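Below, each chain spelled out in residue letters.
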Amino acid sequence: MSATLEALSQNLQKHLGDRVKSLKVALGEVTIEVDAADYLVVMQTLHDEPELCFEELIDLCGVDYSVYGNVQREGRRFAAVSQLLSISRNWRLRVRCFAPDDDFPSLPSVTSVWNSVNWFEREAFDLFGIVFPGHEDLRRILTDYGFIGHPFRKDFPISGYVEMRYDPEQQRVIYQPVTIEPREITPRIVREATYGNVDNA
C-alpha cells in the first residue's frame, strides 16, 4: 500500500472509528462502507474534518446488488455509492451505504453537505427507486413523468411495461401496454469464405 493510501486509511479510522463497517484498499483506491444510520454524519465529517477535507462529491450512483457477478447475492439489495475528491490532499475515496429496507430503499440526502449531489440523487431515485429524505426536489430526471417503475432495477423487464406511440385518430401521443413479445435472439455467425485459411464454401 502506498504512503498516500496508508495516510488516508489511518485518518479515516482516526476520525470515523466504529462508523466504518469495512475499509478496503484495492487497485489503488480506498472504499469504505457505512451504515445508513451513520451515513449523514460520516459524510459531514469527511467534508468538514481538516485532516480529511473532501471538498467535492464527484458522483453518486445507485446500485442493485440482487444479482452481482451472475450470482444471487445474500444481504441488502440497494446501495448508494459516492466518489469523493479531496483537492487539497489529492485523495479519492469511495463510500458505499446500503439502504436498510429492500422494499422501500431510503438513505438520507447529502445535499446539505455537497449541493452537487442534487441531480445524482434524483437519478438514483429515478432509475433505482432509492428515496433520499431531506432532498428538496426529489423527482424523476431521466424518465417520463408518468413512467411506472425504476428501469435500472435488475427485476425490471427489458421491454418495460408500457410503450408510447402517436395515435393519428386522437392526434396525440398515447401510452399502451407493451406489444413486443419476448423472444430468444440467437446470433448468426457470418464468416468470410477464407476464414482460418479454410474454404467454407
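Residue indices begin from 1 for each chain and proceed along its sequence in written order. Totals for whole chains, interfaces and linings use all residues, but because this is a predicted model, local features are given only for residues with pLDDT of at least 70 and pairs of side-chain atoms are given and counted only at 80 or more. In computing side-chain properties, one takes all heavy atoms of the structure into account and sets aside hydrogens as well as water.

Where an unreviewed UniProt entry is consulted, the protein appears under the name NADH-quinone oxidoreductase subunit C, with the organism given as Candidatus Accumulibacter contiguus. Quoted verbatim from the Catalytic activity (unreviewed entry) heading of the UniProt record, the comment on the protein is "a quinone + NADH + 5 H(+)(in) = a quinol + NAD(+) + 4 H(+)(out)". UniProt positions are given in the numbering used here, feature names are shortened, and annotations may be inferred rather than shown by experiment. Among the UniProt annotations of the protein, the heading Subcellular location (unreviewed entry) holds the following wording: "Cell membrane".

This paragraph deals with the overall build of the protein. Of regular secondary structure, the protein possesses three helices and seven strands. Written out in order from the N terminus, the α and β elements of the protein read α-β-β-α-β-β-β-α-β-β. In summary, the protein has a C-alpha radius of gyration of 23 Å against a globular reference of 17 Å for 201 residues, an excess of more than 25%. Projected onto its principal axes, the C-alpha coordinates of the protein cover approximately 65 × 60 × 35 Å. Counting only residues that meet the buried cut, the protein has 36% of its 201 residues in that class. Where helices and strands are cited, they refer to DSSP runs of H or I of at least four residues and of E of at least two residues respectively, numbered from the N terminus. In this description the radius of gyration comes from C-alpha coordinates, and the expected globular size is given by 2.2 Å times residues to the power 0.38. Here's how the labels work: a residue is buried when its accessible area is under 20% of the maximum for its type, exposed when over 50%, partly exposed in between, all with a 1.4 Å probe on protein chains only.

What follows concerns the UniProt feature "domain: NADH:ubiquinone oxidoreductase 30kDa subunit" (unreviewed entry) in the protein. According to UniProt, the feature "domain: NADH:ubiquinone oxidoreductase 30kDa subunit" (unreviewed entry) maps to residues 32–161 in the numbering used here. Annotation note: span residues 32–161, helix share 16%, strand share 22%, distance between end C-alpha atoms 37 Å.

Next up on the list: the packing of aromatic side chains. Aromatic contacts are taken between Phe, Tyr and Trp rings whose centres are within 6.5 Å, Trp giving its six-membered ring; a plane angle under 30 degrees counts as stacked, one over 60 as edge-to-face, and the others as tilted. Summed over all chains, the structure comprises four aromatic pairs. Centre to centre, the rings of Phe-147 and Phe-156 are 5.9 Å apart; their planes meet at 25°, and the pair counts as stacked. On the basis of an interplanar angle of 85° and a centroid distance of 5.1 Å, the ring pair of Phe-156 and Tyr-161 is categorised as edge-to-face. On the accessibility criterion, Phe-156 (15% relative accessible area) is buried. Look at Tyr-161 and you get partly exposed, because its relative accessible area is 46%. Cluster of aromatic residues (ring-pair linked, three or more members): Phe-147, Phe-156 and Tyr-161. Against the face of Tyr-65 rests Arg-73, its NZ or CZ located 4.8 Å from the ring centre. A positively charged side chain is recorded as over a ring if its NZ (Lys) or CZ (Arg) lies within 6 Å of the ring centre. The angle to the ring normal must also be within 35 degrees.

Mapping Leu-5 onto the fold places it in helix H1 (residues 3–16). In this structure Leu-5 comes out as buried when scored by relative accessible area, which is 13%. Distance in space between the C-alpha atoms of Leu-5 and Val-25 is 7.8 Å, their sequence separation being 20 residues. By definition, residues are in contact when any of their heavy atoms lie within 4.5 Å. If sequence neighbours within four positions are ignored, Leu-5 has contacts with Val-25, Gly-28, Glu-29 and Val-30.

A side-chain nitrogen of Lys or Arg and a carboxyl oxygen of Asp or Glu constitute a salt bridge if their distance falls within 4 Å. Counted according to the given criterion, the structure contains ten salt bridges. The shortest N-O distance in the salt bridge between Asp-155 and Arg-77 comes to 3.2 Å. With a gap of 78 residues between them, Asp-155 in the loop between helix H3 (118–128) and strand E6 (162–167) and Arg-77 in the loop between strand E3 (56–64) and strand E4 (78–86) connect regions that are remote in the sequence. With relative accessibility at 51%, the residue Asp-155 sits in the exposed group. Residue class for Arg-77 comes out buried when judged on its relative accessible area of 16%. Because the salt bridges share partners, they merge into one network encompassing Asp-64, Arg-77 and Asp-155.

Strands are labelled as partners when DSSP assigns at least two bridges between them. Spatially, the five strands line up as an open sheet ordered E1-E2-E5-E4-E3, and their pairing is mixed. Looking at strand neighbours, the two that pair on one side only are strand E1 (20–26) and E3, the edges of this open sheet. The sheet shows a mean angle of 20° between the axes of neighbouring strands, taken without regard to direction. Direction of pairing for E3 relative to E4: antiparallel, over a ladder of eight bridges. Paired with Asp-59 across the strands is Gln-83, a residue of E4. Between the N-to-C directions of two axes lies an angle of 0 to 180 degrees, each axis being a line fitted to C-alpha atoms and, for a helix, fitted only over the stretch in contact.

As for its position among the elements, Ser-82 is in strand E4. Beyond its immediate stretch of four places on either side in the chain, Ser-82 contacts Tyr-39, Met-43, Leu-57, Asp-59, Leu-60, Leu-93, Arg-94 and Val-95.

As paired strands, E6 and strand E7 (residues 172–177) are joined by six bridges and run antiparallel to one another. If you follow Val-162 over to E7, its bridge partner there is Pro-177. Taking the residues that link successive antiparallel strands as the turn, the E6-E7 hairpin has four residues, and the phi of Gln-171 there is positive, at about 55°.

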